[in-house]
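# Understanding the architecture of this molecule
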Amino acid sequence: MSVRAMTAPGHESLYSGGMRSWLTTVDHKRIGVLYGISALFYFVVGGVEALIIRLQLASADGTVVGADTFNQLFTMHGTTMVFLVLMPLSAALFNYMIPLMIGARDVAFPRLNAFSFWTFLFGSLLLNLSFLVGNPPDAGWFGYANLTSKQYNPGMGIDFWLLSVQIMGIASIASAVNFTVTILNMRAHGMSLMRMPLFVWMALIVQVLMLLAFPPITVAFIYLMFDRFFGTHFYIPDAGGTPILWQHLFWIFGHPEVYILILPSFGVVSEVLPTFSRKPLFGAPFMIFSGILIGFLGFGVWSHHMFTTGLGAVADTAFSLATMLIAIPTGVKIFNWIATLWGGHIHFKTPLYFAVGMVGLFIIGGLSGIMHASPPVDIQQHDTYFVVAHLHYVFFGGTVFGLFAGIYYWWPKITGRMIGEGLGKLHFWLMFIGMNLTFFPMHFLGMDGMPRRIYTYAADLGWERWNLIATVGAFVIAVSVLVFFVNAVRSVRAGEPAGGDPWDGATLEWTMSSPPPEYNFAIVPVVNSARPFWLHKFGPTRDISTRTREEGTPPQPDTPPERIDLPSPSGWPILAALGLSLVGGGALVGLWLVLVGVAVLVFGVYRWAFQPLERLGHPTFGPAPGGGR
Amino acid sequence: MDSHATTFGVPSRKMAMWVFIASECMFFGSLIATYLSYEGKSLVGPTPEEILNIPLTSVSTFVLLMSSLAMVLALDAVQTGDRRLARLWLGAVIVLGGLFLGGQVYEFNHFYHEGLTLQQNLFGATFFVLTGFHGAHVTVGVIWMVTLLVMSLRGRLGPERSLDVEVAGLYWHFVDVVWIVIFTVVYLIQ
Ligand SMILES: [Cu+2]
């Protein structure tokens, strides 16, 4: 295996190397960056889809797009934002940060990690390939049977959708196995479960949710695939099947999915608020157990999406109560966040803006969520814009704001450079205003009975004013995203060097240079606190609010005292991922391509399995004997 | 990386297999739940009572159970470094797994000629998809065992690689246990 010479300090070389080095990387930090770039790219794609939707609805009798295109747009917007943006953006932060935060040199299975990323990427490309063949899916991201049946939807769009989401599901399960084991089994000495950072805790819960929630939807997709490709009747009422089966399987996945999307953001906020309040997180154990409880209860509430299917009073009551119960641990979290800020020595930096924004906006989304927990209220609001308002307060206000808090928080660590505070705050305010302009009026529209997913409406319904405001808001959001990208490019080009610990952080990732060296820790730390770096810097005091930051040397030396063996780069995971995607894509072309895919997959997996994992017998520093890249 | 000390002292690959098995439980759980919820909902025959051959399937169930025993003995042989026995028992797992799959192929073929197809009714669809995906898991297991056997024949499966066999064994036992559940739910409790 070839070895690159690495330079210290600063470790800018972490990202150097040609295309090949990126295709074969197994470094969790590089994979994290790949996830992040892909997710931000798709954020723009899904955002453009949303803007076209908003243009169409800006006035009555809109003519920007037709009904068919509109259906395709909201389907692709939802699928993209859930599977191609929010999950991979969380995965980006998980990948980059979890090993650093638990004191590990990499994830448990570095090549499986690469396989997960490439499988996700190929799956997402397959989904968007449907645009190129002119037939994107059009049955909504929820794909209710029998909107998806061959009889009513004979085109290839649904096939693209079901195959690509299945492929991405495999990537998610592989990634979840990897990170569950990483978090449980790769922690530094002394990093007990209760000393784990909240972000890692929430990540662990998310992994477990993915492990348990993705199989049911995989089964739902298998049935749909059999219905469409092989003529079975799983969802066909004429043959005794029921479309409700899809709804059960989909929402047994779908509700935990909501927590898969929001808990990473909860984790970020639980890191950002203490850092910028210069106080430990208030009631951290309660935060952890609340997260576990949310994840656990999340599996018992799926039918609150199905109150209108007529499950009966007993089932409705049970699901309603279980749903309302979730408000308790969620409320605990919100109060603990506020209590963390309370009396803190607050540093008003961009990450804090986004974190506080997240708490505020999530409260609004959470409250309308509790409304839907009541079946009579839900039946009134079902399929109206009120639900659209609710879910966007949760996913945009909650997840997107939380993840941006994380992006701004860890940007210096990842890039080694500070990102502009002025533009960052401009980004925040534009996004905050835009988001509320867009989604708050939808509450009114929904209450007034405007249904979701209609491509146009008549002028005499009186919905024009709020719709126009929502459209204006959507473009304000677009401008805010543009500001972010300008800020990001400026930072990468000419941002001031961040140093290892720009925020005076408490957790392990701040003890090393920015970006970290390839091997993360020159010396694997021994942890004896939930806030190991604060303990190191300030001693055993809880009250660090008045302490000023010391410009001391970080505890991590630049040069490791001993040889470190790192996993060797490997091209086999990407080949295996390609094979898997060919199996999926081949189903749309012909059996021969499926068989080619199987062959490539098997070949890739075998080469991968029999490739030695470690770069054995070379020093970490300096050119290897024989040199070369 | 197994060579490094892990937090729980359990090799990461072994823990990963347990975690994966938890996920697989939900997979087969969803398939079995669907089978149960569609039981008796078929509009036309053949019905399970008409077509399921319990004696035959009992034999193949026994065969699969015996393969788990062979798996245990294979692991033991690898751990103690007895190459000859390791090959013997790995071979036994492969043969027994192959016999089970052969029984399934025979059964599917027989049902097909009796008029039970994927498209015929809900029983056919749920039965074939459930048992078919289980069969696919057995197939993957057999391929895995063949790989281990080839490694052993090449002298690359010494006691230091016993974790390879242990992880494969976990998977094999799990697939076996799933079959016990399927056999009970589909064949015994009709
Ligand atoms: Cu829900």
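Residues numbered from 1 in each chain as written. Chains lettered and ligands numbered in written order. Predicted model: local features only at pLDDT ≥ 70, side-chain atom pairs only at ≥ 80, totals over all residues. Heavy atoms only, no water.

### So, the coordination of the copper ion
Residues and elements named next belong to chain A. Heads up, the rule is: Water is not among the atoms examined, so metal sites may look incomplete; donors are the N, O and S atoms within 2.8 Å of the metal, or within 3.2 Å for Na, K and Ca. Under the DSSP-based scheme used, a helix requires at least four consecutive residues in state H or I and a strand at least two consecutive residues in state E, with every element numbered from the N terminus. Three exposure classes are used, based on accessible area relative to the maximum for each residue type with a 1.4 Å probe and protein chains only: buried under 20%, partly exposed in between, and exposed over 50%.
Taken together, His-255 (ND1), His-304 (NE2) and His-305 (NE2) make up the full set of protein donors to the copper ion, lying 1.7 to 2.0 Å away. For the copper ion, the single-chain donor residues occur in sequence as H-x48-H-H. Placement of the pair is His-255 in helix 7 (residues 243-277) and His-304 in the loop between helix 8 (284-297) and helix 9 (313-341), with a sequence separation of 49 residues. Under the relative-accessibility criterion, His-304 is labelled buried at 10%.

### Some words on empty space enclosed by the protein
All names here are of chain A. Test applied: Note on definitions: the grid is 1 Å and covers protein atoms alone; a cavity is a set of points where a 1.4 Å probe fits but cannot get out; a pocket is an open set with protein on both sides within 12 Å along at least five of seven lines; lining residues have an atom within 4 Å of a point. Grid points are joined across faces, edges and corners, and a volume is the space filled by probe spheres set on the points. Basically, the charged four are Asp, Glu, Lys and Arg, the nonpolar ten are Ala, Val, Leu, Ile, Met, Phe, Trp, Tyr, Cys and Pro, and anything else, Gly included, counts as polar.
Taken as a whole, this structure holds 5 cavities of 30 Å³ or more when the rule is applied. Here the largest cavity defines a volume of roughly 210 Å³. The wall of the largest cavity is formed by 20 residues, among which Met-87, Pro-88, Ala-91, Ser-172 and Met-210 lie closest to the centre. Those elements that provide at least two residues to the lining of the largest cavity are helix 3 (67-102), helix 4 (110-132), helix 5 (157-185) and helix 6 (198-230). When residues in the lining of the largest cavity are grouped by element, the largest group, 7 residues, is from helix 3. Considering only residue class, the lining of the largest cavity consists of 14 nonpolar, 6 polar and no charged.

### Observations concerning the pattern of salt bridges
All names here are of chain A. Heads up, the condition is: The term salt bridge refers to a pairing of a side-chain nitrogen on Lys or Arg with a carboxyl oxygen on Asp or Glu at a separation within 4 Å.
Counted under the stated rule, the structure contains 10 salt bridges over all chains. Linking Asp-27 and Lys-29 is a salt bridge whose minimum nitrogen-to-oxygen distance equals 3.2 Å. Lys-29 shares its class with Asp-27; the two are buried. Across the salt bridge formed by Lys-537 and Asp-501, the nearest N and O atoms sit 2.6 Å from each other. Of the two residues, Lys-537 is situated in helix 15 (residues 532-538) and Asp-501 in the loop between helix 14 (464-494) and helix 15; the sequence distance between them amounts to 36 residues. Taking the relative accessible area as the measure of exposure, Asp-501 reaches 9% and is therefore buried. One network of salt bridges, in which partners are shared, links Arg-278, Asp-501, Asp-504 and Lys-537.

### Some thoughts on the interface of chain A and chain B
Note the following rule: Any two residues whose heavy atoms approach within 4.5 Å at even a single point are treated as in contact. A 1.4 Å probe defines the accessible area here, and the buried area is the portion of it lost by two parts on being joined, summed over both. Under the rule applied, a polar contact is a pair of N or O atoms within 3.5 Å (in protein, one hydrogen donor and one hydrogen acceptor; residues adjacent in sequence only if both atoms are side-chain atoms).
Listed per partner, the contact involves 37 residues of chain A and 35 residues of chain B. When the buried area of chain A at its contact with chain B is split by residue, A:Asn185, A:Phe234 and A:Phe610 rank highest and sum to 17% of it. Taken together, the links from chain A to chain B amount to 0 salt bridges. Viewed at the interface, chain B and chain A are joined by 13 residue pairs in polar contact (both at pLDDT 80 or more). With 10 residues, helix 6 of chain A is the single largest residue contributor to the side of chain A that touches chain B.

### Here's the deal with the side chain of A:Lys333
Residue and element names in this part refer to chain A. Our working rule: The charge count treats Lys and Arg as positive and Asp and Glu as negative. His and the chain ends do not count.
By the secondary structure assignment, Lys-333 is in helix 9. This buried residue, Lys-333, is left without a salt bridge; Glu-271 holds the nearest opposite charge, at 10.0 Å. Not counting residues within four places of it along the chain, the set of residues in contact with Lys-333 comprises Met-202, Phe-266, Met-287, Ser-290, Gly-291 and Ile-294.

### So, the nonpolar core
Residue and element names in this part refer to chain A. Here is the rule: Among the buried residues, those of types Ala, Val, Leu, Ile, Met, Phe, Trp, Tyr and Cys that are joined through side-chain atoms within 4.5 Å form a nonpolar core. By convention here, the domain bounds are inherited from an automatic or database domain assignment.
Of all hydrophobic cores here, the largest spans 253 residues; its most connected members are Phe-83, Tyr-235, Trp-246, Trp-337 and Trp-410. Counting residues per element, this core draws most heavily on helix 6, at 23 residues. Split by domain, this core shows at least three residues from each of two domains, domain 1 (55-545) and domain 2 (566-616). Beyond its immediate chain neighbours, meaning those up to four positions away, Phe-83 contacts Pro-88, Phe-120, Trp-141, Val-165, Met-168, Phe-214 and Phe-253.

### Thoughts on the domain arrangement of chain A
Residues and elements named next belong to chain A. Splitting chain A by domain gives domain 1 (55-545) and domain 2 (566-616). Distance from the C-alpha centre of domain 1 to the C-alpha centre of domain 2: 29 Å. With 20 residues of domain 1 at the interface, the matching set in domain 2 holds 19 residues. Here domain 1 meets domain 2 over a buried area of about 1700 Å², counting both sides, of which 80% is carbon and sulfur. Area buried by domain 1 at its contact with domain 2 is led by Arg-111, Phe-115 and Phe-122, which between them contribute 41% of it. Counting across the interface, domain 1 meets domain 2 through 0 salt bridges. At the boundary of domain 1 and domain 2, one finds 2 residue pairs in polar contact (both at pLDDT 80 or more). Breaking the side of domain 1 that touches domain 2 down by element, the ones donating at least two residues are helix 4 and helix 5. The element contributing the most residues to the side of domain 1 that touches domain 2 is helix 4, with 10 residues.

### Topic: a nonpolar patch on the surface
Residues and elements named next belong to chain B. Threshold: Patch membership requires over 30% relative accessible area and the absence of a salt bridge. Like charges are linked within 9 Å, and nonpolar side chains (Val, Leu, Ile, Met, Phe, Trp, Tyr) within 5 Å. In this description, accessible areas are obtained by the Shrake-Rupley approach with a 1.4 Å probe, and a residue is regarded as covered only by the protein chains that are shown.
On the surface, Phe-62, Leu-65, Met-66, Leu-69, Leu-73 and Ile-180 cluster together into a nonpolar patch covering about 480 Å² of accessible area. Ranked by the residues each element gives to the nonpolar patch, the list is headed by helix 3 (residues 54-80), at 5 residues. Along the chain, Leu-65 turns up in helix 3.

### Examining the packing of helix 4 (residues 83-114) of chain B against helix 5 (residues 122-153) of chain B
Residue and element names in this part refer to chain B. As a reminder, the rule being used: Fitting a line to C-alpha atoms yields each axis, with helices limited to the stretch in contact; the angle taken between N-to-C directions then spans 0 to 180 degrees. By definition in this entry, angles of less than 35 degrees are roughly parallel, angles greater than 145 are roughly antiparallel, angles of 65 to 115 are roughly perpendicular, and the rest are oblique. In a left-handed crossing the near helix is turned counterclockwise from the far helix by less than a right angle, and in a right-handed crossing that turn is clockwise.
Packing of helix 4 against helix 5 leaves a shortest axis separation of 9 Å and a crossing angle of 155°. Taken as axis vectors, helix 4 and helix 5 run roughly antiparallel relative to one another. Two packed elements cross with a definite hand, and for helix 4 against helix 5 that hand is left-handed. Taken together, the residues of the contact of helix 4 with helix 5 break down into 16 nonpolar, 10 polar and 3 charged.

### Some points on the confidence of the model for chain B
Applied cut-off: Per-residue confidence from the prediction method is given by pLDDT, with values spanning 0 to 100.
Chain-level pLDDT for chain B is 94 on average; 98% of the residues reach the 70-or-more range. Interface confidence for the predicted complex, given as ipTM, is 0.96, next to a pTM of 0.94.

### Re the side chain of A:Asp378
Residues and elements named next belong to chain A. Relative to the helices and strands, Asp-378 resides in helix 11 (residues 375-381). For the buried Asp-378, no salt bridge exists, and the shortest N-O distance to an oppositely charged side chain is 8.9 Å, to Arg-452. Once residues lying within four places of it in the same chain are set aside, the contact partners of Asp-378 are His-304, Phe-307, Met-371 and His-372.

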